[in-house]
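Take a look at the letters that make up each chain.
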Amino acid sequence: MRLIHCADLHLDSRMTSNLSREKARERKKELLLTFERMVEYAAAHQVRAILIAGDLFDTRNISATARQIFWNAVCSHREIAFFYLKGNHDTDHFLADREEIPENLKMFGTDWMSYPLGGRIVISALELTAENAVGAEHTLILDPERFNIVMLHGQQAETGAKEKMRLIRLRDFKNKGIDYMALGHIHAYQEGELDARGVWCYPGCLEGRGFDECGEHGFVLLDVDEASGTCRRQFVPFAKRRFFSIPVDLSGCESVSETVVRLEAAIEAQHPAETDLVKIVLTGEINVEYEIDAEYLRKRLEPDYYFVKLYDETAPRVDVSHFLLDTSLKGEFVRTVLSAEELSEEEQAEVIRCGLRALVGEDILECG
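Summarised in this report is the structure supplied together with it.

1. A few points about the nonpolar core
One finds Ile4, Phe35, Met38, Ile50, Phe70 and Phe219 to be the most contacted residues of the largest nonpolar core, which totals 40 residues. For this core, the secondary structure elements donating two or more residues are strand 1 (2–6), helix 1 (21–44), strand 2 (47–53), helix 2 (64–75), strand 3 (81–85) and strand 13 (218–225). When near neighbours in sequence (up to four residues on either side) are disregarded, isoleucine 50 contacts Ile4, Cys6, Met38, Val39, Ala42, Ile80, Ala81, Phe82 and Phe83.

Laid out in structure tokens, this is it:
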């Protein structure tokens, strides 16, 4: 039997970080479209159930469009069971206008609830709260003869924390008869061994929403052999777009052509596609007399990708000794600044950096 494990869809997220208003609206729609595509994938691949391990929506104020798309997906695919566990971003608000819940939508509460699926699989889940998070493992009772899937939404930790709500100590769930622990809350794919019998897994979010969520995003496809009680799992990349954060060391570059070659090589090594969002961080020490034109570089890359952001975090390299005996105006300027005892070494370096750039005709508005 095939199942999909997903989490942290954050449907209706505003997506305003980094993006223009137009692209933020487009990305907001793309979250909904990716959810619909996932459900169509499930239908096409004979997936029996979709496990949503929390944060289906992003805020309490859910748009009518997002609600309708979710309900249409559930109601138009009665052959698929949707197991929905609320996360810390979810509320019951989207249920307000529903007189009845479709039979194929299974939800959970603040006490352990279990649903059978097929002949051997049982799916159990609990919505973690400040009141039930501590000791939740003690009230979980499972039949070891079944294939047990346990859903939780929270942060895994080996030790306690001030915020006990949404804290999951995996070691407390060892030897409970769990075969697969379907987790949500972490936005990157992670998995590991729970005990000799079972594994735990975070599928990550379905679509990245910012540069803190770089890399592949998607869902986990489970294929459970009910006869043997074994399970194969596969991470399926499914996001429409990916985020890339690419550092580029420009140390030694002294011209635009050298910078462009270094920049393009660093990007090419990461293989972003034209549909992706790319953040470039320029680093390294460069000759103080060579000014990085960050806006020019960003504009040069902009046509190649969906969105480009560029940060210049390079540091100026000033060889003061080179100017000490220089009879030019530059040499006189450097010696004058170095003799100014009221300036700290850091201030002297900044004044020299800006002054040398001014002497070669560069824009110094960002100095200081």
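2. Details of the pairing of strand 5 (residues 113–117)
The pairing of strand 5 with strand 6 (residues 121–125) spans five bridges and is classified as antiparallel. If you follow proline 116 over to strand 6, its bridge partner there is valine 122. Hairpin connection from strand 5 to strand 6: three residues lie between these consecutive antiparallel strands, with glycine 118 at a positive phi of about 75 degrees.

3. Quick notes on the packing of helix 1 against helix 2
At their nearest, the axes of helix 1 and helix 2 sit 10 Å apart, and the two run at 0 degrees to each other. The angle between helix 1 and helix 2 falls in the class roughly parallel. Contact residues: helix 1 offers Leu32, Phe35, Glu36 and Val39, while helix 2 offers Thr65, Ala66, Ile69, Phe70 and Ala73. For the contact of helix 1 with helix 2, a count of residues per class yields seven nonpolar, one polar and one charged.

4. So, the environment of arginine 298
Along the chain, arginine 298 turns up in helix 4 (residues 294–301). Assessed through its relative accessible area of 17%, arginine 298 is described here as buried. Sequence spacing of arginine 298 and tyrosine 311 is 13 residues, and the spatial spacing of their C-alpha atoms is 9.2 Å. In this structure, arginine 298 is in contact with Val308 and Leu310, ignoring residues within four places of it in sequence. A distance of 2.8 Å separates a polar atom in the side chain of arginine 298 from a polar atom in the side chain of glutamate 302.

5. So, the packing of aromatic side chains
Any two aromatic rings considered together are summarised by their centre-to-centre distance and by the angle between their planes. Taken as a whole and judged by the stated rule, the model has 13 aromatic pairs. Following the ring pairs from residue to residue traces out a cluster consisting of Phe35, Phe57, Phe70, Trp71 and Tyr84. Sitting over the face of the ring of phenylalanine 238, arginine 37 holds its NZ or CZ atom 4.5 Å from the ring centroid.

6. Structural notes on the pattern of salt bridges
Within this structure, the stated rule accounts for 19 salt bridges. Across the pair arginine 146 and aspartate 143 runs a salt bridge, and its minimum N-O distance is 4.0 Å. The class for arginine 146 is partly exposed, based on a relative accessible area of 31%. Look at aspartate 143 and you get partly exposed, because its relative accessible area is 37%. Residues participating in the shared-partner salt-bridge network are Arg27, Glu30, Glu207 and Arg241.

Conventions and cut-offs
- Residues numbered from 1 in each chain as written.
- Predicted model: local features only at pLDDT ≥ 70, side-chain atom pairs only at ≥ 80, totals over all residues.
- Heavy atoms only, no water.
- Core = buried A, V, L, I, M, F, W, Y, C linked by side-chain atoms within 4.5 Å.
- Buried < 20%, exposed > 50% of the residue type's maximum accessible area, 1.4 Å probe, protein only.
- Helix = DSSP H or I, 4+ residues; strand = E, 2+ residues; numbered from the N terminus.
- Contact = heavy atoms within 4.5 Å.
- Pairing = 2+ DSSP bridges.
- Axes fitted to C-alpha atoms, helices over the stretch in contact; angles between N-to-C directions.
- Parallel < 35°, antiparallel > 145°, perpendicular 65-115°, else oblique.
- Nonpolar A, V, L, I, M, F, W, Y, C, P; charged D, E, K, R; others polar.
- Polar contact = N/O pair within 3.5 Å; in protein donor to acceptor, adjacent residues only side chain to side chain.
- Phe/Tyr/Trp six-rings, centres within 6.5 Å; stacked < 30°, edge-to-face > 60°.
- Lys NZ or Arg CZ within 6 Å of the ring centre and 35° of its normal.
- Salt bridge = Lys/Arg side-chain N within 4 Å of Asp/Glu carboxyl O.

Function cannot be read off these values alone, since they describe shape.
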